[in-house]
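# Notes for the structure review
Letter by letter, the chains look like this.
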Amino acid sequence: MTCDNSYIVCSIDDIPNRRAVGLVLARIDEATGGEVPYPVVLVRWGRRVVGYVNRCPHAGTRLDWEEGQFLDTTGERLICGKHGSTFALADGACASGPATGSALERVKVEVIDGDVVVGGVRLAVAE
Ligand code: FES
């Protein structure tokens, strides 16, 4: 854990280059103070990692078409397994399919000294 509500969630080496991995983190719900699941997908491109909430804006389902599988056949877009909407890796904007006009919810991610750091939310931290 780092300061200012930012958290090391994995090493960049845990994400193969040009691949996406899913993690289910736990977020603190501000209204109740309880923990709620916070599923995210992290995409690595070289030394850069972008993150999105693993929830399709069309119908709210997880994106993976098979557990841990997030990319389309080109490997250049995220794809929703439910109805096939595709999303740009760089900004999460829908590129095709029934979610057109919407975008994935961004997760604030930085790579610091090889660690993938998620910020902007309060995560539950295992002691
Ligand atoms: S739920 Fe993702 S495209 Fe419909």
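Cut-offs and rules
Residues numbered from 1 in each chain as written. Predicted model: local features only at pLDDT ≥ 70, side-chain atom pairs only at ≥ 80, totals over all residues. Heavy atoms only, no water. Core = buried A, V, L, I, M, F, W, Y, C linked by side-chain atoms within 4.5 Å. Buried < 20%, exposed > 50% of the residue type's maximum accessible area, 1.4 Å probe, protein only. Helix = DSSP H or I, 4+ residues; strand = E, 2+ residues; numbered from the N terminus. Contact = heavy atoms within 4.5 Å. Salt bridge = Lys/Arg side-chain N within 4 Å of Asp/Glu carboxyl O.

Turning our attention to the nonpolar core. By size, the foremost hydrophobic cluster in this structure holds 17 residues, and its most contacted members are Tyr-38, Leu-42 and Val-116. Contributing elements (two or more residues each) for this core: strand E1 (6-11), strand E2 (20-28), strand E3 (35-45), strand E4 (48-53), strand E8 (106-112) and strand E9 (115-119). Looking at this core, the element that brings in the most residues is E3, giving three residues. Not counting residues up to four positions away in its chain, the partners in contact with Val-116 are Tyr-7, Ile-8, Val-9, Cys-10, Ser-11, Ile-12, Ile-15, Leu-42, Val-49, Val-109 and Glu-110. Of all hydrophobic cores here, the second largest spans 16 residues; its members include Phe-70, Phe-87, Leu-89 and Cys-94.

This model, assessed by the stated rule, comprises three salt bridges. Here Glu-105 ties to Arg-55 by a salt bridge, and the two come within 2.8 Å at their closest N and O atoms. With Glu-105 in the loop between strand E7 (94-96) and E8 and Arg-55 in the loop between E4 and strand E5 (77-79), this residue pair connects regions lying 50 residues apart in the sequence. With a closest N to O distance of 2.9 Å, Arg-62 and Asp-64 form a salt bridge. On the basis of relative accessibility, which here comes to 14%, the residue Asp-64 falls in the buried class.

Let us look at unusual backbone geometry. Phi at Arg-18 is positive, roughly 60°, even though this residue is not glycine. Note on placement: Arg-18 falls in the loop between E1 and E2. In this model, Asp-113 sits at a positive phi of 50°, which is unusual for a non-glycine residue. By the secondary structure assignment, Asp-113 is in the loop between E8 and E9.

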